[in-house]
Amino acid sequence: MDAAAGMGASGRRRGERIPSPYLPVSAALPAAVSHRHRQSESLLMKVVVDLNRCQAYAQCLYAAPGHFALHGREALVYDPSPDDGARGEMERAVHACPVRAITAYPDDTTAGEAA
Amino acid sequence: MSGSMLFEQILDPANRANPYPLYAEMRKVPVARQEDGTYVVSTHAELARLISDPRISSDDLPDPQKFRWTGHPVTDLLVRPVRAEIRKRHRPFIFRDPPDHDRLRGQVMHCFTPERVRGMRAKTQRITDDLIGKMRGKSRIDLVDDFSYPLPVTVICELLGVPPEDEAQFHGWATQLATALEPNQRGDEETRAKNEVCFNEIADYLQGLIKDKRKDPQEDILSDLANDRDGMNDFDLVATAVLLLVAGHETTVNLITNGMLTLLRFPEHGERLRADPEIAPRLIEELLRYEPPVHYRTRLALADIPVAGITIPKDAPVIFLLAAANRDPARFIDPDRFDPDRPDNRHLGFGGGLHYCVGAPLARIEAEVALVSLVRRLKGVSLTEDPPPYRPGASLRGPRHLRLALNGAAEG
Amino acid sequence: MTRAPERIVVVGASLAGLAAAHALREGGFFGSLTLVGDETHAPYDRPPLSKQVLRGLYSADTTLPRHPDLRATFRLGQPATRLDLSERAVELGDGSRLPYDRLLIATGTRARPWPNPEEAALAGVFTLRGRDDAQRLGARLRGRPRRVVLVGGGFIGFEVASTCRDLDIPVTLLVRDAVPLAATLGPRLGGLIGEVARERGVDLRVESEIEQMEAENGRLLAVTLKDGERIETDCLVAAIGTLRNVEWLDGSGLQADAKGLRCDAFCRALLHDGSVAEGVFAAGDVARWPNPHDDDALVAVEHWGNARAQAETAAGNMLAGDASAMRRHDHLPDFWSQQFGLTIKLVGLADSADSFAVMHGSFEERRLVAAFGKDGRTVAAASIDSARWLPAYKAAIRERVPFPPIEDAVDQPHIRVQEP
């Protein structure tokens with residue numbers, strides 16, 4: 001999303017923010033949440049997106065804007081570990097994706113482990 | 001009736017209430033040539049593939065018909081031909097291909113931000129609460145007239161920036177212009193004439209509104225589009241505004257009405273939604289599959305397209321029978337079963353590819369707020385007639401009236 | 001082999017291993033399921049590590065979602081050290097033995113270490129393969145080094161360079177080849193990406209290698225290139241490729257070497273003589289298998305999509321009674337890369353293509369679909385920010401349509417067939 005100088009041969013300035021047909025383009029990136037201190041690690045969700053399948057319909061951005069963003073026209077970045085409080089929004093995001101690229105489960109890293 | 005005339009039967013209003021057996025028949029031939037040379041695509045795999053095919057064009061509207069002489073030379077020789085030509089070249093982006101489509105849609109998407117759309121949730125809830133509040137003490141309502149129509153109208157007018165006092169006028173225009181989106185009606189001569197009159201009226205109105213918003217910009221989409229320096233010209237602006245208004249009216253009404261009809265037909269699901277509104281997202285996606293507001297869209301083949309063992313020839317009209325693909329047993333287990341817990345529900349209720357519904361996020365919010373509130377607050381509600389009377393459209397399909405018996409509405 | 005399995009062991013607790021575990025349960029396997037992983041972390045996702053995790057956006061924890069009913073035993077921090085095919089057992093680093101009815105080998109790859117161990121040990125020299133690497137490097141980047149030197153012209157190198165530019169950190173990217181990314185995307189597209197990188201402020205050097213590193217008190221100070229130029233830097237990232245984790249299979253009898261663990265079209269691992277190792281399957285980066293989209297040429301890829309798809313194929317086949325019930329692995333290779341605001345996607349393999357054509361968009365716009373041909377048929381397609389056109393090209397590749405695949409379409413330039 002960083003504009004760069006330079007003219008393209010077609011006359012369109014390279015880096016000029018051409019509105020994408022498919023995304024509402026949030027120029028502002030989400031704030032870095034690099035050192036999120038959580039009281040307990042137990043109330044989380046785990047999320048993964050199949051970015052081969054993703055075609056940037058951006059329905060997830062509408063459903064859970066705090067957890068999905070587009071860098072450029074199609075480059076989806078997302079929160080792999082949202083708080084459990086985002087569960088409702090994540091549910092909406094999972095089901096709104098036209099290609100069902102999002103998988104999300106409540107996190108319990110001990111879940112599914114046998115004795 | 002042979003398969004080559006099956007689509008005619010689908011268009012027949014007599015089959016509006018339950019077209020699904022015809023869809024099943026249609027699916028026997030995934031890409032079926034009709035007698036008039038149209039190719040109907042009704043299976044999921046083929047439709048999903050073609051909806052993303054670059055040889056498929058959306059620029060498939062018939063040319064605006066010759067107008068009738070009014071007897072006024074300036075009108076007949078100058079104004080109307082110019083208007084007709086302009087309209088032809090400035091169709092709304094739903095009927096355009098890239099690069100024009102991409103440019104116009106991009107400009108709209110730029111205003112249609114998640115913040116703005118989500119900001120409508122509270123307003124949608126307020127309107128919903130008011131409309132349901134009016135049902136208190138009533139023993140009969142018509143869900144369409146009393147709720148499913150007024151709600152999306154108010155929401156889209158607010159989003160676009162149409163003053164509330166002008167909404168009623170839009171009701172008439174939108175109903176008429178919806179036929180322009182309704183493929184089986186727009187070919188009709190009388191309809192086209194009416195649409196031309198209607199479009200001119202709405203264009204005049206919108207030109208006035210756009211002028212106001214340039215003088216005094218507000219926090220709405222029309223203001224944003226009108227004041228965008230690098231934005232679309234006025235012809236495209238009017239066409240776009242009309243599209244957004246009409247699409248915002250005519251489809252969401254049917255999503256909500258079809259939704260309530262389905263929940264009343266299968267009360268266990270209505271009950272479940274009432275008890276656990278968190279299932280709303282998956283339930284709404286299942287509604288979009290099972291009883292979608294848009295049943296088909298039309299396209300044009302720009303080149304020979306090999307698919308499903310045949311070749312769609314260049315210049316052939318193509319019909320995407322989305323609602324049939326949504327019930328394809330090759331893709332959906334037990335497709336005729338309404339099942340909100342269905343996994344991997346990749347339905348085509350909002351289309352797909354380049355033209356995926358712009359308003360989808362808004363429609364989902366409206367449907368969620370509406371259906372959750374309705375199941376929660378309407379008391380002892382039941383259908384009085386099944387099937388209900390349907391609107392004429394075979395593509396934008398939904399009940400014209402959904403008359404319900406009830407014991408009033410609970411407090412919000 | 002025809003008896004239903006009761007114990008399944010998956011060696012490799014990453015994307016492929018976890019995907020296989022899910023597929024096994026979904027496929028109706030109710031027996032004992034054990035996943036073995038050499039890292040101490042629960043299975044986690046790697047692609048975000050070079051992007052949002054390095055940038056500090058959202059959480060650094062990319063642990064993969066796990067179904068609550070998975071019922072698998074995880075032996076983490078335990079490398080597998082030996083495979084005993086005759087006893088049908090895997091030995092772990094702590095000496096324990098895991099017997100199996102079916103075994104899935106999904107041990108993947110590791111970052112190729114810097115060839116000079118002394119230099120590799122310097123403070124300021126980083127690799128990026130796993131979570132811990134990403135944590136360390138991310139912290140360093142947020143400390144704002146004056147200049148980062150990246151070694152390696154692959155996708156990881158470019159993605160890290162992009163992240164550095166997002167963080168407004170000066171970066172020099174050293175690529176050994178004349179054109180970056182040419183092996184995967186072909187020289188034309190590779191050259192375009194190089195151009196984009198330069199536009200975004202990356203100091204991209206092609207045909208450039210490090211001669212030696214300069215250090216003081218164990219800290220990196222500068223590097224000297226083979227051409228003699230000296231670049232001051234206290235942060236060097238080596239993204240010089242990967243090594244397949246096959247060493248533990250030495251002596252097992254399986255056909256495994258640096259190119260991968262050889263398996264057949266059904267993901268069954270093969271012995272040296274080419275016969276099938278009973279009950280043993282392979283999936284993901286470690287596997288080398290016949291690609292039906294390329295006349296069964298042997299291929300090994302490091303793709304996220306293949307790891308999942310192959311794990312699913314292998315899982316299904318592990319539960320099948322015999323070969324007649326098994327499914328061929330026919331995944332069409334696909335991958336993506338996010339860099340400099342662009343999303344690059346490739347379906348099919350372009351490395352042996354002999355022709356190339358832009359099908360939509362243009363290089364100037366930095367938005368396009370390009371198709372690759374080989375011997376007259378379409379074998380691959382690349383997208384830069386045009387993902388919605390790809391499904392049609394994917395279908396064309398699967399059906400091996402003549403090249404160029406689609407003409408007279410919407411928004412197409414004049415189709416000019418060139419060399420890749």
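Note that this is a predicted model, so its numbers are computed, not measured.

*Asks:* Where do I start with the overall build of chain A in this structure?
*Replies:* Helix and strand counts for chain A stand at two helices and four strands. Element order for chain A, N to C, with α for helix and β for strand: β-α-β-β-α-β. Counting across all 115 residues of chain A, residues that qualify as buried make up 53%. The long-range fraction of contacts in chain A, counting pairs at least 24 apart against all pairs at least 6 apart in sequence, stands at 66%. Summed over its atoms, the accessible surface of chain A is roughly 4900 Å², and 52% of this surface lies on carbon and sulfur atoms.

*Asks:* Is there a simple way to explain the overall build of chain B in this structure?
*Replies:* If you tally the helices and strands in chain B, you get 18 helices and ten strands. Taken over C-alpha atoms, the radius of gyration comes to 21 Å for chain B, in line with the 22 Å a tight globule of 412 residues would show. Reported as C-alpha extents along the three principal axes, the dimensions of chain B are approximately 60 × 60 × 40 Å. Every one of the 412 residues in chain B was classed for burial, and the buried ones make up 58%. Long-range pairs, those at least 24 residues apart, make up 74% of the contacts in chain B with a sequence separation of at least 6. For chain B, the accessible surface area stands at approximately 16700 Å², while carbon and sulfur atoms represent 52% of it.

*Asks:* Sorry if this is basic, but what is going on with the side chain of arginine 397 of chain B here?
*Replies:* Turning to its location among the elements, arginine 397 of chain B is positioned in the loop between strand S9 (382-383) and strand S10 (403-405). Once residues within four sequence positions are removed from consideration, arginine 397 of chain B is found in contact with Arg16, Ala17, Asn18, Pro19, Tyr20, Asn254, Asn258, Glu291, Pro292, Pro293, His295 and Tyr390 of chain B.

*Asks:* Is there a simple way to think about the sheet that holds strand S7 (residues 102-105) of chain C in this case?
*Replies:* In a beta sheet, neighbouring strands pair by backbone hydrogen bonds and run either parallel or antiparallel. All names here are of chain C. Judged by pairing direction, the sheet is mixed, and its six strands sit side by side in the order S3-S2-S1-S7-S21-S20 without closing on themselves. Strand pairing shows two members of the sheet lacking a second neighbour, strand S3 (73-76) and strand S20 (268-270), which therefore form its edges. Strand-to-strand twist in this sheet, taken as the mean axis angle between neighbours without regard to direction, amounts to 30°. In terms of strand pairing, strand S1 (residues 7-11) meets S7 through four bridges, oriented parallel. Bridging across to S7, isoleucine 8 finds its partner in arginine 102. Those strands touched by helix H1 (residues 15-26) are S1, strand S2 (32-37), S3 and S7, and its axis lies near 175° from that of S2.

*Asks:* Mind showing me how you'd approach the confidence of the model for chain A here?
*Replies:* The predicted coordinates of low-pLDDT regions are not to be read in fine detail. Overall, the predicted model of chain A reaches an average pLDDT of 70, with 57% of residues at or above 70. Scored below 50 in pLDDT, residues 1-41 of chain A makes 93 contacts in the model with residues more than four places away or belonging to other chains.

*Asks:* Which parts of the structure should I look at to understand the interface of chain A and chain B?
*Replies:* Interface size is commonly expressed as the accessible surface area that is lost when the partners come together. Counting residues at the interface gives 24 residues for chain A, matched by 29 residues for chain B. When chain A packs against chain B, the two sides together hide about 2400 Å² of surface, and 53% of this comes from carbon and sulfur. Applying the counting rule to chain A against chain B returns nine residue pairs in polar contact (both at pLDDT 80 or more). Where the side of chain A that touches chain B is concerned, the elements lending two or more residues are helix H1 (59-63) and helix H2 (87-96) of chain A. Looking at which element gives the most residues to the side of chain A that touches chain B, the answer is H2 of chain A, with five residues.

*Asks:* Sorry if this is basic, but what is going on with the pairing of strand S2 (residues 68-71) of chain A here?
*Replies:* The two faces of a sheet get side chains in turn, since along a regular strand they alternate between them. Residues and elements named next belong to chain A. Where burial is concerned, the two faces of S2 agree: the one with Phe68 and Leu70 and the one with Ala69 and His71 are both buried. In terms of strand pairing, S2 meets strand S3 (residues 75-78) through four bridges, oriented antiparallel. Opposite phenylalanine 68, over in S3, you have tyrosine 78 as the bridge partner. Between S2 and S3, which follow one another and run antiparallel, lie three residues, and glycine 72 among them has a positive phi close to 85°.

*Asks:* Help me understand helix H6 (residues 114-133) of chain B, please; the structure alone is not making it clear to me.
*Replies:* Because each turn of an α-helix spans 3.6 residues, side chains separated by three or four positions in sequence point in the same direction. Over its 20 residues, H6 of chain B extends 29 Å from the first C-alpha to the last, a length consistent with the 28 Å expected when each residue adds 1.5 Å. At alanine 122 of chain B, H6 of chain B is bent by approximately 30°, the largest bend along its length. Pro114, Arg116, Val117, Met120, Thr124, Ile127, Thr128, Leu131 and Ile132 of chain B are the residues of H6 of chain B that are buried. Buried residues belonging to H6 of chain B abut H1 of chain A together with helix H5 (100-111), helix H7 (143-148), helix H8 (150-160), helix H12 (221-226) and helix H18 (360-377) of chain B.

*Asks:* Which parts of the structure should I look at to understand the packing of H8 of chain B against H18 of chain B?
*Replies:* When two helices pack together, their arrangement is given by the angle between the helix axes and the distance between those axes. Residues and elements named next belong to chain B. Here H8 crosses H18 at 140°, and the two axes come no closer than 11 Å. As judged from the angle between their axes, H8 and H18 are oblique. Crossing geometry of H8 relative to H18 is assigned as right-handed. Of the residues in H18, those in contact with Leu151, Pro152, Val155, Ile156 and Leu159 of H8 are Leu362, Glu366 and Ala370. Residues of the contact of H8 with H18, tallied by class, amount to seven nonpolar, no polar and one charged.

*Asks:* Teacher, can you tell me more about the nonpolar core here?
*Replies:* The nonpolar side chains of a soluble globular protein tend to be buried, and buried together. Counting residues in each nonpolar core, the largest one holds 145 residues, and the members touching the most others are Phe68 and Leu76 of chain A together with Phe147 and Leu206 of chain B. Examining the composition of this core, we find that eleven residues originate from one element, H18 of chain B, more than from any other. Residues in contact with phenylalanine 68 of chain A, not counting those within four places in the same chain, are Val49, Cys60, Leu61, Leu76, Val77, Tyr78, Met90, Ala93 and Ile102 of chain A together with Tyr58 of chain C. In terms of nonpolar packing, the next biggest core, distinct from the first, is built from 48 residues, Phe126, Leu181, Phe335 and Val358 of chain C among them.

About the criteria used
- Residues numbered from 1 in each chain as written.
- Chains lettered and ligands numbered in written order.
- Predicted model: local features only at pLDDT ≥ 70, side-chain atom pairs only at ≥ 80, totals over all residues.
- Heavy atoms only, no water.
- Helix = DSSP H or I, 4+ residues; strand = E, 2+ residues; numbered from the N terminus.
- Buried < 20%, exposed > 50% of the residue type's maximum accessible area, 1.4 Å probe, protein only.
- Contact = heavy atoms within 4.5 Å.
- Areas by Shrake-Rupley, 256 points an atom, 1.4 Å probe, with all protein chains shown as cover.
- Rg over C-alpha atoms; globule rule 2.2 N^0.38 Å.
- Pairing = 2+ DSSP bridges.
- Axes fitted to C-alpha atoms, helices over the stretch in contact; angles between N-to-C directions.
- pLDDT = per-residue confidence, 0-100.
- Buried area = accessible area lost by both parts, 1.4 Å probe.
- Polar contact = N/O pair within 3.5 Å; in protein donor to acceptor, adjacent residues only side chain to side chain.
- Expected span 1.5 Å × (residues − 1).
- Bend = angle between axes of the 7 residues up to and from the residue.
- Parallel < 35°, antiparallel > 145°, perpendicular 65-115°, else oblique.
- Left-handed = near helix turned anticlockwise from the far one by under 90°.
- Nonpolar A, V, L, I, M, F, W, Y, C, P; charged D, E, K, R; others polar.
- Core = buried A, V, L, I, M, F, W, Y, C linked by side-chain atoms within 4.5 Å.

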